[in-house]
Amino acid sequence: MEHGGIGMILWGGAEAALAILLVLGLLRAAGLVYHALAPADAEAVPLLHVMALSAGLACGVALLLAVPHGESFRLSSIFVVQGPWNLDLPGFLLRHGLPSRATLENARDLLAEGGPGALPGALALLLLATGPLAALRWWRGWARLRALGAFLLLAASTALVLHYAIHLLAWMLALLNFWLFALLLFVFQRWRHAPRGGGH
């Protein structure tokens, strides 16, 4: 039983590490594609990059506010045995890797209803409209299309990564729960008892 428990912990840790590597790989790939796609002088216009990131973050927050399983992010749901996060890696990716259709429909409804819940979505729409207009104004010809594609790619990848990262955090807390806290405690104890620089 003890060996089985250790094996499950190691397997859960391996799944968590793989999920983290997956999102880091996607971030790296998105960055490479963005720099390959953006016009050569895009660095001279950093506002395009900032607007794309801001649009992606606003869109990501709007999606998170619209998830139909918002109650599953409560600590009481995360740490419950056989709770909503009791998933293996394929199950997690299938259920939470991308925003569901219900999430997209809820985000649309929130935007239509107005109120505080609509603010991130409204900001995302504003930036998603302003960014392409800016790209069309600042560049000409083929560079214009490249700037537009780079903007949309960065905005979309930022929104999806934010959505994924928050779900990944909840899933990892449920997967590692006690062992995660034990690891943090171990790291804290090592830091607290580590020799300080400058001492004699």
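Further up the page is the structure itself.
Residues numbered from 1 in each chain as written. Predicted model: local features only at pLDDT ≥ 70, side-chain atom pairs only at ≥ 80, totals over all residues. Heavy atoms only, no water.

**Q** Explain a nonpolar patch on the surface to me, and be specific about the residues and the numbers.
**A** The grouping of Leu 18, Ile 20, Leu 21, Leu 24 and Leu 27 at the surface amounts to a nonpolar patch, some 460 Å² of accessible area in total. Examined against the element boundaries, Leu 27 turns out to sit in helix H1 (residues 2-37). Leu 27 gets classed as partly exposed once you look at its relative accessible area, which sits at 43%. (Patch = residues over 30% accessible without salt bridge, like charges linked within 9 Å, V, L, I, M, F, W, Y side chains within 5 Å. Areas by Shrake-Rupley, 256 points an atom, 1.4 Å probe, with all protein chains shown as cover. Salt bridge = Lys/Arg side-chain N within 4 Å of Asp/Glu carboxyl O. Helix = DSSP H or I, 4+ residues; strand = E, 2+ residues; numbered from the N terminus. Buried < 20%, exposed > 50% of the residue type's maximum accessible area, 1.4 Å probe, protein only.)

**Q** So what's going on with the side chain of His 163? Which residues, and what values?
**A** Mapped onto the fold, His 163 is located in helix H7 (residues 141-193). Beyond its immediate stretch of four places on either side in the chain, His 163 contacts Leu 63, Leu 64, Val 67, His 96, Leu 98 and Pro 99. (Contact = heavy atoms within 4.5 Å.)

**Q** Explain the pattern of salt bridges to me, and be specific about the residues and the numbers.
**A** Counted under the stated rule, the structure contains two salt bridges. Across the salt bridge formed by Arg 101 and Glu 105, the nearest N and O atoms sit 3.2 Å from each other. Of this pair, Arg 101 and Glu 105 are both found in helix H5 (residues 101-113), four residues apart, which corresponds to roughly one turn of the helix. Judged by relative accessible area, Arg 101 falls into the exposed class, the value being 67%. A residue is classified by how much of its surface remains accessible, and Glu 105, at 32% relative accessible area, is partly exposed. The salt bridge partner of Asp 109 is Arg 108, with a shortest N-O separation of 3.4 Å.

Any link to function would need more than the numbers given here.
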